[in-house]
Amino acid sequence: MPQASYPYAIGRIRVLENKLLNNDKVERMIEADTPADVLKILAESEYGTGQELASAHDYEKLLAAELRKVYDFIEEVTPDKELTDLFWLQYDVHNLKVLLKARAIGGGDEPLMDTGSIVSDSLKAAVYKGDHSDVPPFVSEVLREIDEKYGERFDPHRIEVALDKAGYKHIFNVLRKKKNAFLQEFFQKRVDLINIKMLLRVKGLGEDAGFLSSMLIPGGTIADELLIKALDEPVDKLVYALRDSEYAQVVALGVRAFERDGSLTVYERLADDFLLHFVKSRSFDPLGFEAIAGYIMAKENEIKLVRLIMVGKINNISTDKIRERLRDVYV
Amino acid sequence: MAIVRMKKLTLIGLDEEKSAVLRAMQELGSVEIQDISDLSGEDIYAAGSAHTGQSDDIEGKLSEVRNAIDLLQKFSKAKKGGMFATRPVVTLKELNEVMSRQADLLDTVAECRRLQEKLTALKSRRVRLQASMDQVEPWLDLDIPFESIGYTDTTNALLCTLRKDNAEAFTGWAEGNELPVSLEVVSESKDQAYCLVVYHTSSEGEVLDRLRELEYERANLSGLKGTARQVREAYKKDMEAAEAEEKLILEGTAQLGESLDSLKILYDGLLVELEKHKAAHRLLNTGKAYILKGWTAERDTKALVEKLSGVTDAIHLTFQDPDDDDVIPVKLENPPLVEPFEVVTSLYSTPHPKGIDPNALMAPFYFAIFGIMMGDAGYGLIMAVAGTIFTRKMKLKGAARKLGLLMALCGISTLIWGILTGSWFGDMGERVAPLLGLKTAVVWFNPMEDPLMMLGFCFAFGLLHVFAGMAAKAYMSIRDGHIWDAVFDQGLWFVLIIGLLLIFLPATAVVGKYVAIAGAVGLVLTQGRSKKNIIAKFFSGLLSLYNITGIFSDVLSYSRLFALGLSSAIIGMVFNILASMLGGAWYTFIFAAAVFLVGHIFNLVINILGAFVHASRLQYIEFFSKFFEGGGHAFMPLTIKTKYIDLTN
Amino acid sequence: MELGQILALIGVALSVFVAGIGSARGVAIVGQAGAGVVSEDPDKFSQVLVLQALPGTQGIYGFLIGFIILIRLNVFGGMVSVSPQTGWLFLIGSLPIAIVGLISAILQAKVAAAGVGLIAKRPEEVGKAITFAVIVETYAVLALLASFLIVYFIPVA
């Protein structure tokens, strides 16, 4: 096998990019009569690993398999595992949240994602048995911190925040060492967009500035003060304050939608799209990390889109409604 | 220079005869069908889109047949074609016969898919088993069953890997601190030690911390039952079973091999169907009738009418001249000697329908440039012969045929330049000439001995090429009625540059000066003519003189003619020297011949590639930039396209 | 051996190995990109191969200059005597192709690797992908000529 390198990885990615669902396919999926028909179209695009689904309602298995396929592919070609792992970190954080929740309130049937950078058994051992031998130091650190601060008392909100913060701290630590300007910028933008979302969420909950400032993730480019100040002001002020930033459009449209129906869905989609476009606009370098990030994000995005269509089809939502919902968020 | 005159065609016919009409057009291959399906209103569209399902269906079949063919080609014992294998010739009748057996053949395809799936499953099973075996391998000397390794009431045992020095460090540490722990090395690889660690649970914290510091890695063997040897035996058995099953399946696959030829015909039959169905989507359908709009060459109209009247009377067919705002597809027609050069242009862009076809003008330049860059009579001869034989033997078609002929033509050019400069397989000509009683093999001059003369020649040639490009632009302006544009934009430049050149010749220096000044003044006065303001006119006129640097750098770029020629000549010479250094005894002669042969083949291939890309580049950047308008869309008629077979009537 | 001869031979070594390093790296970069594309889509092999070969020419140019210096020194038939000054001139003459060859091969490789990506998506654009890469080579060609003219016209006793 050729040695993993940037040009090799990107060469493979360029071909795989052809297999991403194109507009035609998406359109056909939207037009499909039944969920099973959607799956047929997906099978044409070699979705999942060819396993038979008992029923169309098992589509999550298919999507999980597809994500795992992307994960395996990236693991195979990655020229720098430390950097690609940063993209899988969100699944580790997700798994930790699930495990901590299960530990606190019992149960624990919710399946873990198998696309994290850390083997889920190691996470389980760390959370349940306190055996931190197979988890990286930052996980060990945040678990100790959580145990100290909250003990066995389960505070989902704060624990989530603590995990997110620890994740991003790790990301920025790695990036400081790696000096990858593109990823630095990318994750800064992601933190900015998350922080704005936090602000909106706190606003919706009616909590105070202290609460918000404990939630904000460090490392972004927007000053915390600006966001904290915006908490007690009308949202238009925030839109105005960010009018010259690159987030102007995301904030303007997303915040308006949030005001209108109190939901963050539109904002989240806009933020995802913003990041996707940012990465895409950079991913021409045949020797840089950009194209790899672009492919991971494109696949994640595609999987979200398929999920949206499947949910619509299973719940018998009309074609027009599904299209409208997709248009809301994708065009 | 010929862009074929096109006619717009409109055909109205009955739905039930649509398929037959399209098939007739397909066999003729002279009509490009325009997509007008979205011109219709909603209802009509609905009627038309019923076909979409059908072509999806064919596409699905195609990909399955393709997979089956790939599988059978890989595993069946059917003979494989060599390099010169040509595609089998199949008549329409045979094709129809195979298509009528479609259902049976599709069963075979389905069988292939089942076998393929089983093979994939078996392969991944073997990979998994292999991985598991590798995992157990280091623990073979451990006699304790895996399930009993773990916590007891007072102790714990674990299996892990450590770097060798770290394993020693651990033992030292345990002894130093008199801890109730033992480390036993089960096996060792190059730098890893596979260890069984047993400790009293009272010291668990310290032991684990220390192990962590030493970067231990726990062996992932959970869930295994029995000793390592037992586990491996079990894996081995599984493996053998999987291999046996795989062999069985491969035998089954080999048996299906006899259908391979039929499957290939089926594939191409489906491909032809698919083309037709796709074409059907581009029509405007009403349910009962359809409208077809398209393009065909003016001279092909008669044949089309004849062919279609053989199919049905119930059609209405009209031809029109294109309007100004029509996007006319571009079909090129050139004499046989120019045709191969169309490949070069098509790699760049299809000419604009209102522009000119540059091929006839470009061909002689490309021909000469390629020859000068290769510049070796021996190589030229090989290329000319190989190109001709290859094209004939392989029965190449379309772009591949053009490419083959291009190689043959460029070979002739290379031969000519090689004779002129006396280059035969590097300096072989010079070496052999005395033996033949000749003073030298050089007919004109040897670039290696007179590099300045060669450079001068390259620049002169370059200037001629650039001038030809500008002249083509002037021709286009005149054709469009803008005679003054031609005079100002190209004519004055000719005057200026020729004047500048004359300055360098002592006899004409004075005349040259005045000619150049006249040209320059003319340019300053005319190049700003699109500006309104008189001052702006003057300054943009003055600035336009700066373009002289552009022409200068264009011409300089032709130095690559020399550089590439140099490279092929010298590398060829290197191999000759190497070969001759091996001496003259008969046994060294074999080595010498091998060096000569391999070396020159290498040089030939590398230089064909170099000459091809650089000769193309000189056309694209230096020549086309002067006049060529690209961006046309190539004429793509509905035809019979096949992948595995050649279809005849 | 004389100082002049040594200097001239250093020139030979420089033009061969510096430009050679550039080409080797360049070809490797495009080769990796090509291997990536071909592992997913084997049909693209021939197109990719053309692009991979492009950054290989600088090494050939470097070798060529080195060889011409060897001929001028008459290495194959008893080396001529070379003054230190002439030796320096040969060394200087080798520099254009050595340095420009090194850099242009690597930069050309990046353009060619991007071209490989282009082919992966739009195989019909192979002509453009090649043209982009060939434009970079112009400067290696000019450096080759400069080096050639220098080493060719240096007077040797």
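Residues numbered from 1 in each chain as written. Chains lettered and ligands numbered in written order. Predicted model: local features only at pLDDT ≥ 70, side-chain atom pairs only at ≥ 80, totals over all residues. Heavy atoms only, no water.

Caption draft 1: Here's a closer look at the environment of K190(B). Residues and elements named next belong to chain B. Mapped onto the fold, K190 is located in the loop between β5 (181-188) and β6 (192-200). Looking at K190, the relative accessible area reads 76%, which means it is exposed. Once the C-alpha coordinates of K190 and M407 are considered, the two residues, 217 residues apart in sequence, prove to be 55 Å apart. (Helix = DSSP H or I, 4+ residues; strand = E, 2+ residues; numbered from the N terminus. Buried < 20%, exposed > 50% of the residue type's maximum accessible area, 1.4 Å probe, protein only.)

Caption draft 2: Up close: the pattern of salt bridges. Considering all chains together, one arrives at 65 salt bridges over all chains under this definition. Two residues, E246(A) and K189(A), come together in a salt bridge whose shortest N-O distance is 2.6 Å. One end of the pair, E246(A), is in the loop between α12 (235-241) and α13 (248-261); the other, K189(A), is in helix α9 (residues 181-205), and 57 residues separate them in sequence. E246(A) gets classed as partly exposed once you look at its relative accessible area, which sits at 46%. Here K189(A) falls in the buried class, since its relative accessible area comes to 4%. Between D489(B) and R529(B) there is a salt bridge, and its shortest N-O distance comes to 3.3 Å. Here D489(B), found in helix α16 (residues 483-503), pairs with R529(B), found in the loop between α17 (509-526) and α18 (534-544); they are 40 residues apart in sequence, far enough to count as distant. (Salt bridge = Lys/Arg side-chain N within 4 Å of Asp/Glu carboxyl O.)

Caption draft 3: Structural view of the side chain of D326(B). Residue and element names in this part refer to chain B. Residue placement: D326 occurs in the loop between β10 (315-320) and α10 (342-348). A distance of 2.8 Å separates the side chain of D326 from the backbone nitrogen of D323, its partner in a polar contact. Every residue in contact with D326, bar those within four places of it in the chain, is listed here: K8 and W295. (Polar contact = N/O pair within 3.5 Å; in protein donor to acceptor, adjacent residues only side chain to side chain. Contact = heavy atoms within 4.5 Å.)

Caption draft 4: Highlighting the interface of chain B and chain C. Listed as interface residues are 29 residues of chain B and, on the opposing side, 29 residues of chain C. Of the roughly 2,500 Å² buried where chain B meets chain C, counting both sides, 83% is carbon and sulfur surface. Across the chain B-chain C interface, the total number found is 0 salt bridges. Linking chain B with chain C are 6 residue pairs in polar contact (both at pLDDT 80 or more), by the criterion used here. Top contributing element to the side of chain B that touches chain C by residue count: helix α20 (residues 559-581) of chain B, with 13 residues. Within the side of chain B that touches chain C, the residues separate by chemical class into 21 nonpolar, 3 polar and 5 charged. (Buried area = accessible area lost by both parts, 1.4 Å probe. Nonpolar A, V, L, I, M, F, W, Y, C, P; charged D, E, K, R; others polar.)

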